[in-house]
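# Descriptive analysis of the structure
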Amino acid sequence: MILVWLIAILLVAGILAEISGRISTLWPRVISLAAVIIDFAIALALWRENSAGITLATQSEWFRQVDWAWVPQYGIHFHLAMDGLSLLMVVLTFLLGIMSVLASWKEIQEGVGFFHFNLMLILAGIVGVFLAVDLFLFYFMWELMLVPMYFLIAIWGHERRIYAAVKFFLFTQISGLFMLIAILTLYFIHHGVSGVYSFEYKDLLGTALTPHTAMLLMLGFFVAFAVKLPMFPFHTWLPDAHTEAPTAGSVILAGLLLKTGAYGMLRFVVPLFPGAAHQFAPIAMLLGVIGIIYGSVLAFGQTDLKRLVAYTSVSHLGFALVGIFAWNPIALQGVIIVMIAHGISTGALFMLVGELQERTHTREMDRLHGLWATIPAMSGVFMFFALASIGLPGLGDFIGEFLTLLGTYRVSLGVTIAAAIGILISTLYTLKVIQRAFHGPNTHQWTLPDLGKRELVMMVPMMLILLGIGLYPQPLFKTFEPAMRKLQQYAAPQPVLTVVPDTHHVPYRQDASRDDSEMNLERR
Amino acid sequence: MNGADLIAILPLLVLTAAAVVVMVAICIRRSHLLAVWLTAAGLVLAFASLWKSASAAPTQATPLLIIDGYALFYMGLIIAATFVTVILCYGYLENQQGYREELYVLVLTAALGSCVMVASNHFVSFFLGLEILSVALYAMNAYVCSRKISLEAGIKYLVLAAASAAFLLFGMALIYAQLGTLQFGQIASMLMSGVAYEKTLIYPGMALMITGIGFKLGVVPFHMWTPDVYEGAPAPVTAFVATISKGGMVALLLRYFYETGAYRLHSVFVVFSIIAIASMVAGNLLALLQNNVKRILAYSSIAHLGYILVAFLAGGNRAAEAVTFYLVAYFVTTLGAFGVVSVLSNDDRDADSMEDYEGLFWRRPVLAGIFTLMLLSLAGIPLTAGFIGKFFVIAAGTSASLYGLIFVLVVTSVVGLFYYLRILVAMYRPLAETGKTAPVAHPSLSRSGSFALAGLTVLLVWIGVYPGPFLDAIQRAVSTLRIF
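Only a predicted model underlies this, so the values are computations on that prediction, with no experimental measurement involved. (Residues numbered from 1 in each chain as written. Chains lettered and ligands numbered in written order. Predicted model: local features only at pLDDT ≥ 70, side-chain atom pairs only at ≥ 80, totals over all residues. Heavy atoms only, no water.)

## Some thoughts on the overall build of chain A
Counting its secondary structure elements, chain A contains 21 helices and two strands. Its C-alpha atoms give chain A a radius of gyration of 22 Å, near enough to 24 Å, the size a compact globule of 524 residues would have. Projected onto its principal axes, the C-alpha positions of chain A cover 70 × 55 × 45 Å. For chain A, the proportion of its 524 residues judged to be buried stands at 66%. For chain A, restricting intrachain contacts to residue pairs at least 6 apart in sequence, the fraction spanning at least 24 positions comes to 81%. (Helix = DSSP H or I, 4+ residues; strand = E, 2+ residues; numbered from the N terminus. Rg over C-alpha atoms; globule rule 2.2 N^0.38 Å. Buried < 20%, exposed > 50% of the residue type's maximum accessible area, 1.4 Å probe, protein only. Contact = heavy atoms within 4.5 Å.)

Below, the structure is given as structure tokens:
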């Protein structure tokens, strides 16, 4: 029941925000903030409860669930369930939700009520995506979050907002419809085999499919998630959408919407079609690597700060794709950290770019120069997150990318090397930004206000969290591990994705275990 | 015909009586309000009498009419939709000059025709129903006769509808000449036994009938009238044409092709596949080129009928359910969309240019919100009835492995998003950009109109969020269809 509340609170808050928006511009903000904070608190409480009972309840997969008949004629259930993976994603959702409400506090001045209505609806849709285990419900939520996102970009975005919003909408819609066809085909095949109409995740797992059908269906799901992720060559909506969206929109897009793609791959693509995913893995990993390098190279060529950050997302999410299709415990642990850390660091970068734009009315790097002299604190914070995002050891992103590479190494050396080169390029563009926008003489004579109280309240916790993940990621691993084991178990029939003979790695693994016992989970 | 038969066809009798009563009332005292009240009362009575005749169902009342759960369900849908149209007409006509009351007689007659169609399993009642509906529509399309465009719509519809009726009649005659029967059931047994296939005139007969049916549905290549009539007819009448006239024909299409088993003929399948694909492609692509909201909706309705045909082609109970569900969703949505258009219209012209919608959200947030929901439902986005409808259509297609058709549906429906989004973009454009600083003077929303729109919106979201009860009713209704 508590899971329904997580969504219901957001919906109610959205409606209240819309209504109260008629009276004042303050109420919608307060209501939305309160709703997201309450949800965040609930999610944290669930986490604590879960981590306390984790040793006892390792057998049951979901530690919370709600299952109501919805459209019984078609075997559709309103079935929400939470495991470690969903929990982490939900916590991230609410954290970034709080940040996006705060980030729009000053930026959004028109249509405040409707803005927060949309914001709440997106968050509700995203939470729904992370919790749904009925495939119809999943698709419902998947589509639900698109419309408010469209409005967010189309109404409150920047210059080319209509173009960006329409492009975003069309890309995600068409890929989603392919997923719908795949879901339905799977549903009818399952019915043909078992005689039961069901969209239930657990029922559909292990449905007997011919390799050919499995491959087609897998591609149907894959395309939907690849567009969201975004995977090269389906990424072209992303730079436009991110650049034109208001700050809150960019934060949610980069921090959460992209994660739904990675989540879908983890939860659905591989477990539902292990054989096909195994076959497809080399291609997926190749595309992931292309994304890593291509994203970094294009980021290096940008002069618009926001666009630059947007392209870095293509690059970072490439790691997630590579890691998912490497599909071994180390890589998967890496993926989950990449998802969370990227959400926070890129979200923060977008917020900072938004703040910069508010102050200077530009996002062009050439027009900024020597900002360090006038806003040292903000520049410092920017550098912190920029370095985090390229994987400075001690910060969250490092752990994620390092583990992903480590896991990928056991599958393919070539991919690992190429991905590592991607990291190298990312240091180049980061240095370029820092150098061109913040260092140097203040030729434009900027005199700007430095970080305010509200901005500090947003930035400091995010910095601390990144630092926390970087120094002590164990709580995340611990929460994710049971869920990961289950996922691997579902994908088990074919021992998945061990391209290199296992014996080759035995000494290496033992070495690793001595260094860091947490990294070698499969030994337990 | 005995007493039980009379009870079975009670809804039809009530509608007929209501039309007469309104006509007489106009002779005695010309009052818009009175005419509306009488019409509404007639419709409510007719709706209530559905339960009475349900007690007699299923029954074959005279050789012409079959009163079963399916017919009653569709009658209910038609009567309810007519009720909404009447409310919209009231608000719309209040702003118009000239005689207003006769429209209601026509509306009742047209509804009667549509109700006859959904209950017919005989060529005679098929044709009678169609003609009752069509003749009433000729006048309705041209009702606001001070506008040239409305007259043009009426004439166009008259000429084309008469021609298509001739095609239909010729087709029926050919089939009759070969099989010697007008009854769906008997045609079915002849098709089943294989006798019919040796007769050469069956196929031309079928082809001519499909022409007539296709015209009424407004599917490609029989769609030429749709945009012009949609544009020219007064907005509430457009709503009527889009829903009740097409809906009655869809119901008949299902019954005719399913109960005779003709949908199993390979050639019928091919023809309808081509029509469906052409409608989806042409409807969605041509809508992109339009600048007039009513014309956009017209082309979009062509595409929607194409989607319905995809489900129809899947065949079987599930397909019939999907078609019916889609139609219910389409009714609610289309009535809502044209409802918004008609409450925004004034005595001079209908609110059909894009400019009327520029920045509507900032001027009339509630109305714009309703229109947004309706457009999203047409586009098939969750939380709205259109989403569930589209889902069932795709499900029906997938279950019959019609992947080619489904693929076209998916791709074209994304193209379709484009023009729905265009209207949305216009509605949410900031006032500063549109240059309209002050609210444009529109007649304030009439109470009746807002009542109807609110009801439709609630229904739209209800069906979209909790479709179970509706699906239940539809399943029960469709199960009475004798599908071969």
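## Focus: the interface of chain B and chain A
Chain B puts 43 residues into the contact, and the matching count from chain A is 34 residues. Summed over both sides, the interface between chain B and chain A buries roughly 3,600 Å², with carbon and sulfur atoms accounting for 80% of that surface. The interface formed by chain B and chain A contains zero salt bridges. The interface formed by chain B and chain A holds four residue pairs in polar contact (both at pLDDT 80 or more) in total. Sorting the residues of the side of chain B that touches chain A by element identifies α14 (317–344), α15 (360–363), α16 (365–379), α17 (385–399), α18 (403–427), α20 (447–465) and α21 (468–479) of chain B as the ones contributing at least two each. In terms of residue count, the dominant contributor to the side of chain B that touches chain A is α18 of chain B (12 residues). (Buried area = accessible area lost by both parts, 1.4 Å probe. Salt bridge = Lys/Arg side-chain N within 4 Å of Asp/Glu carboxyl O. Polar contact = N/O pair within 3.5 Å; in protein donor to acceptor, adjacent residues only side chain to side chain.)

## Quick look at the packing of aromatic side chains
Applying the stated rule across the entire model yields 70 aromatic pairs over all chains. Geometrically, the ring pair formed by Tyr258 of chain B and Tyr263 of chain B is tilted, given 4.6 Å between the ring centres and 50 degrees between the ring planes. Seen from their ring centres, Phe325 of chain B and Phe392 of chain B are 4.9 Å apart, and the 90 degrees between their planes marks the pair as edge-to-face. Taken as a pair, Phe325 of chain B in helix α14 and Phe392 of chain B in helix α17 lie far apart in primary sequence, 67 residues in all. Across this residue pair, the class does not change: Phe325 of chain B and Phe392 of chain B are buried. Taking NZ or CZ as reference, Lys228 of chain A lies 3.6 Å from the ring centre of Trp142 of chain A, over its face. Directly above the ring of Tyr197 of chain A sits Arg318 of chain B, whose terminal nitrogen or CZ lies 4.4 Å from the centroid. (Phe/Tyr/Trp six-rings, centres within 6.5 Å; stacked < 30°, edge-to-face > 60°. Lys NZ or Arg CZ within 6 Å of the ring centre and 35° of its normal.)

## Quick word on the nonpolar core
Formed by 405 residues in total, the largest nonpolar core has its most connected members in Phe221 and Phe325 of chain A together with Phe257 and Phe312 of chain B. A total of 19 residues in this core trace back to one element, the largest contributor, which is α14 of chain B. When sequence neighbours within four positions are dropped, the list of residues in contact with Phe221 of chain A reads Leu135, Met179, Ala182, Ile183, Phe268, Val269, Leu272 and Phe273 of chain A. (Core = buried A, V, L, I, M, F, W, Y, C linked by side-chain atoms within 4.5 Å.)

## Focus: the pattern of salt bridges
Following the criterion strictly, the structure yields 25 salt bridges over all chains and no others. Because the salt bridges share partners, they merge into one network encompassing Glu152, Lys156, Asp228, Glu231 and Arg295 of chain B.

## Remarks on the environment of Phe391 of chain B
Positionally, Phe391 of chain B belongs in helix α17. Exposure remark for Phe391 of chain B: the relative accessible area of 2% places this residue in the buried category. When the C-alpha atoms of Phe391 of chain B and Met280 of chain B are compared, they prove to be 16 Å apart, with 111 residues separating the residues in sequence. In this structure Phe391 of chain B touches Ile76, Phe136, Leu180, Leu184 and Phe199 of chain A, once residues within four positions along its chain are discounted.

## Some words on the confidence of the model for chain B
Residues with a pLDDT of 70 or more make up 97% of chain B, whose mean pLDDT is 90. Across the whole predicted complex the pTM is 0.90, and at the interface the ipTM reaches 0.90. (pLDDT = per-residue confidence, 0-100.)

## What to know about the packing of helix α17 (residues 396–409) of chain A against helix α19 (residues 453–471) of chain A
Residue and element names in this part refer to chain A. Running from N to C, α17 and α19 cross one another at 40 degrees; their axes reach a closest spacing of 6 Å. In terms of axis orientation, α17 runs oblique to α19. Here Gly396, Asp397 and Ile399 of α17 lie close against α19, whose contacting residues are Leu466, Ile469 and Gly470. For the contact of α17 with α19, a count of residues per class yields three nonpolar, two polar and one charged. (Axes fitted to C-alpha atoms, helices over the stretch in contact; angles between N-to-C directions. Parallel < 35°, antiparallel > 145°, perpendicular 65-115°, else oblique. Nonpolar A, V, L, I, M, F, W, Y, C, P; charged D, E, K, R; others polar.)

## A word on the side chain of Ser245 of chain B
In this fold, Ser245 of chain B is placed in helix α11 (residues 235–259). Those residues in contact with Ser245 of chain B that sit more than four places away from it in its chain are Leu133, Leu137, Tyr157, Lys216 and Phe240 of chain B.

## Describing a nonpolar patch on the surface
All names here are of chain A. Among the surface-exposed residues, Leu456, Val460, Leu464, Leu467, Leu471 and Tyr472 lie close enough to one another that they form a single nonpolar patch of about 590 Å² accessible area. Position of Leu456 among the secondary structure elements: in helix α19. Judged by its relative accessible area of 40%, Leu456 is partly exposed. (Patch = residues over 30% accessible without salt bridge, like charges linked within 9 Å, V, L, I, M, F, W, Y side chains within 5 Å. Areas by Shrake-Rupley, 256 points an atom, 1.4 Å probe, with all protein chains shown as cover.)

## Here we look at the pairing of strand β1 (residues 64–71) of chain A
Residues and elements named next belong to chain A. Here seven bridges tie β1 to strand β2 (residues 76–82), and the two strands are oriented antiparallel to one another. Note on β2: the bridge partner recorded for Ala69 is His77. Taking the residues that link successive antiparallel strands as the turn, the β1-β2 hairpin has four residues, and the phi of Gly75 there is positive, at about 65 degrees. (Pairing = 2+ DSSP bridges.)

## Regarding unusual backbone geometry
Pro230 of chain A follows Leu229 of chain A through a cis peptide bond whose omega is 0 degrees. You can see Pro230 of chain A is positioned in the loop between α9 (211–228) and α10 (237–244). The peptide bond linking Val220 of chain B to Pro221 of chain B adopts the cis configuration, its omega dihedral lying at 5 degrees. With a phi close to 60 degrees, Thr62 of chain B is a non-glycine residue in the positive phi region.

## Overview of helix α13 (residues 293–314) of chain B
Over its 22 residues, α13 of chain B runs 32 Å from end to end, which matches the ideal 32 Å to within 8%, given 1.5 Å per residue. Downstream of α13 of chain B by a residue or two, Gly315 of chain B has a phi angle that is positive, lying close to 75 degrees. (Expected span 1.5 Å × (residues − 1).)

## Quick notes on the environment of Asp67 of chain A
All names here are of chain A. Residue position: Asp67 is located in strand β1. Spatially, the C-alpha atoms of Asp67 and His77 are 6.6 Å apart, while their sequence positions differ by 10 residues. Those residues in contact with Asp67 that sit more than four places away from it in its chain are His77, Phe78 and His79. Reaching out from Asp67, the side chain makes a polar contact with the side chain of His77 at a distance of 3.0 Å.

## Focus on the confidence of the model for chain A
Residue and element names in this part refer to chain A. Overall, the prediction assigns chain A a mean pLDDT of 86, with 92% of residues at 70 or greater. For chain A, the element scoring lowest by mean pLDDT is helix α21 (residues 506–515), at 40; helix α4 (residues 112–131) scores highest, at 93. Predicted confidence is poor over residues 494–524, with pLDDT under 50, and the contacts of this stretch with residues over four places away or in other chains come to 42 contacts.

## A few points about the packing of helix α11 (residues 247–272) of chain A against helix α13 (residues 305–326) of chain A
All names here are of chain A. Following both chains from N to C, one finds α11 and α13 inclined at 15 degrees, their axes separated by 11 Å at the closest point. Between α11 and α13, the angle is such that the two are roughly parallel. The element α11 and its partner α13 pack so that their crossing is right-handed. Across the interface between the two elements, Thr247, Ser250, Ala254, Leu258, Lys259, Ala262, Met265, Leu266, Val269 and Val270 from α11 touch Lys306, Ser313, Leu317, Leu321, Ile324 and Phe325 from α13. When the residues that make up the contact of α11 with α13 are grouped by side-chain class, the tally is 11 nonpolar, three polar and two charged. (Left-handed = near helix turned anticlockwise from the far one by under 90°.)

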